[in-house]
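Given next are the chains, with one letter for each unit.
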Amino acid sequence: MSLPPVFYHYFHTPLPYARTLALQEKLHQIQLAARRASSHQDLLLLLQHRPVYTSGRRQTTDELAAERARLTHIGADFVETARGGQLTYHGPGQLVGYPLFDLARTSPPMGIREYVCRMQRMIQTYLSSEHGIRGVPSEHTGIFLDGTTKIASIGIQVRHRLTTHGFAMNVTKEPLRWFDQVVACGLADVKAGCIELATGKPVQVDDVIGGVVAAFGATYRRDMEKLRVESAGEVGEAIKALEDESLAAGEWPKYPTTD
Amino acid sequence: MFTVIRSAAHARSSFSWRAIPPSSVARRVPANYRTLVTTKYTKEHEAIVFDDATGVGAVSITNHAQKSLGDVVFVELPTIGSKVGKGEQIGAVESVKAASDIYAPVSGQVVEVNERLNDEPGLLNRSPEQDGKSCLNA
């Protein structure tokens, strides 16, 4: 029995984080309900965010209070989440991917370690085959160019074997100036890297979508199909609503405000 | 502080039954009274060991679950005294940057949690169904 395709959608406009989190929640609930009738789809959302710092499950509101104040002051949003991992940055120039997967589609279900391991391999495969970038292995989850340069991060939440959140990969230099403002992922001596600096060639997020989708399909052994938003029912409507909202939100800060 | 369940005098269980360490809290049971301790598993990650003599069930994650999760770095435990319904979220386990929610296998009230997990989350990998337990009074 072969598995159904994964439906992917790329948002062209950077999205506000909190509203995207709400979209993930909505799609998660739709999947949970539809799973009873086995009519749920696996989805891959590909996007950029407007500048935002996010924290993970382990971090409490109290311990984040000072950082939250500092970082919103420099022009970014700040949102606490229930995903794994710690503080990180998302913003234009960085590709974010949210696979909304049912790990129990296979029997036995895909374990979380396996799911995360494949996500890492997917990014590594994409970087080496499309850009000739080879990283180094690390005990830390994520993709490292060398011991102190991290080019991609992973942070997942799993509920009833349905996944939310996902991965983030720096494409242009733009995210780096924002990463420099924090200690990301709890790693004090690690700085952010990006494809543009690693290859020395200009590249845009729009350019990487095709290659990432292909790498995803190959690593997870699934057919990838473009989601037709107009005919995708509730899922399509929710996606369209967020896109319209993001277009209306206008420009975002290109640099942190440091005074 | 562990959640410990008295071992049954006569265990009568057709599915897997684990040896439980003897209780450090003495609880007198009449000699001719047979207690029944059973282990049940949910469809997801959780196992519950229920002692019908005390009405207390100890909730843990299964050995299979901890293997598929990887090294546990953080455990989110419920508050003592909180009431949970069957299937409701009761905590979470984080490993390899993935936070996996844990659900209550039965309804009840949390009477004890395994505080050791705050400092030693890796205990869930080493002894998932013994030392790594939290506790639910069904």
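For the structure, check the block above.
Residues numbered from 1 in each chain as written. Chains lettered and ligands numbered in written order. Predicted model: local features only at pLDDT ≥ 70, side-chain atom pairs only at ≥ 80, totals over all residues. Heavy atoms only, no water.

Engineer: Help me understand the overall build of chain A in this model?
Structural biologist: Per the secondary structure count, chain A includes 7 helices and 11 strands. Its C-alpha radius of gyration of 18 Å places chain A within 12% of the 18 Å reference for a compact globule of 259 residues. Along the three orthogonal principal directions, the C-alpha set of chain A runs to about 55 × 35 × 35 Å. Counting across all 259 residues of chain A, residues that qualify as buried make up 56%. For chain A, restricting intrachain contacts to residue pairs at least 6 apart in sequence, the fraction spanning at least 24 positions comes to 79%. Summed over its atoms, the accessible surface of chain A is roughly 11,400 Å², and 50% of this surface lies on carbon and sulfur atoms. (Helix = DSSP H or I, 4+ residues; strand = E, 2+ residues; numbered from the N terminus. Rg over C-alpha atoms; globule rule 2.2 N^0.38 Å. Buried < 20%, exposed > 50% of the residue type's maximum accessible area, 1.4 Å probe, protein only. Contact = heavy atoms within 4.5 Å. Areas by Shrake-Rupley, 256 points an atom, 1.4 Å probe, with all protein chains shown as cover.)

Engineer: Help me understand the packing of aromatic side chains in this model?
Structural biologist: Aromatic ring pairs are defined here through the distance separating the ring centres and the angle between the ring planes. Residue and element names in this part refer to chain A. For the structure on display, the rule yields 8 aromatic pairs over all chains. With centroids separated by 5.6 Å and ring planes inclined at 5°, the aromatic side chains of Tyr89 and Trp178 adopt a geometry described as stacked. Of this pair, Tyr89 sits in strand β5 (residues 88-90) while Trp178 sits in helix α4 (residues 176-179), and the two are 89 residues apart along the sequence. By the burial criterion, Tyr89 is buried, and Trp178 matches it. An aromatic cluster is defined as three or more aromatic residues linked by ring pairs; in this entry it consists of Tyr53, Tyr89, Trp178 and Phe179. Geometry around Tyr255 places Arg177 over its ring, the cationic atom sitting 3.9 Å from the centre. We note Arg222 situated over the ring of Phe101; from NZ or CZ to the ring centre the distance is 5.5 Å. (Phe/Tyr/Trp six-rings, centres within 6.5 Å; stacked < 30°, edge-to-face > 60°. Lys NZ or Arg CZ within 6 Å of the ring centre and 35° of its normal.)

Engineer: Just to check I follow, could you spell out the packing of helix α1 (residues 17-35) of chain A against helix α7 (residues 233-248) of chain A for this structure?
Structural biologist: In helix packing, the relevant descriptors are the interaxial angle and the interaxial distance, both defined with respect to the helix axes. All names here are of chain A. At a closest axis distance of 10 Å, the pairing of α1 and α7 adopts a crossing angle of 175°. If you check the angle between α1 and α7, you find them roughly antiparallel. Residues Arg19, Thr20, Leu23, Lys26, Leu27 and Ile30 of α1 form the contact with α7, whose participating residues are Glu234, Val235, Ala238, Ile239, Leu242 and Glu245. Looking at the contact of α1 with α7 residue by residue, the class counts come to 7 nonpolar, 1 polar and 4 charged. (Axes fitted to C-alpha atoms, helices over the stretch in contact; angles between N-to-C directions. Parallel < 35°, antiparallel > 145°, perpendicular 65-115°, else oblique. Nonpolar A, V, L, I, M, F, W, Y, C, P; charged D, E, K, R; others polar.)

Engineer: Sorry if this is basic, but what is going on with the interface of chain A and chain B here?
Structural biologist: Frequently, the measure chosen for interface size is the accessible area removed from exposure when the parts meet. Tallying the contact residues gives 21 residues for chain A and 22 residues for chain B. Between chain A and chain B the total buried area reaches about 1,800 Å² when both faces are included, carbon and sulfur atoms providing 50% of it. In this assembly, chain A and chain B are joined by 3 salt bridges. The closest approach of N and O atoms between A:Arg57 and B:Asp101, which form a salt bridge, is 3.1 Å. Put simply, chain A and chain B have 12 residue pairs in polar contact (both at pLDDT 80 or more) between them. Of all elements in the fold, only α3 (112-131) and β8 (149-159) of chain A reach the threshold of two or more residues within the side of chain A that touches chain B. Residue contributions to the side of chain A that touches chain B peak at 7 residues, all from β8(A). By residue class, the composition of the side of chain A that touches chain B is 7 nonpolar, 7 polar and 7 charged. (Buried area = accessible area lost by both parts, 1.4 Å probe. Salt bridge = Lys/Arg side-chain N within 4 Å of Asp/Glu carboxyl O. Polar contact = N/O pair within 3.5 Å; in protein donor to acceptor, adjacent residues only side chain to side chain.)

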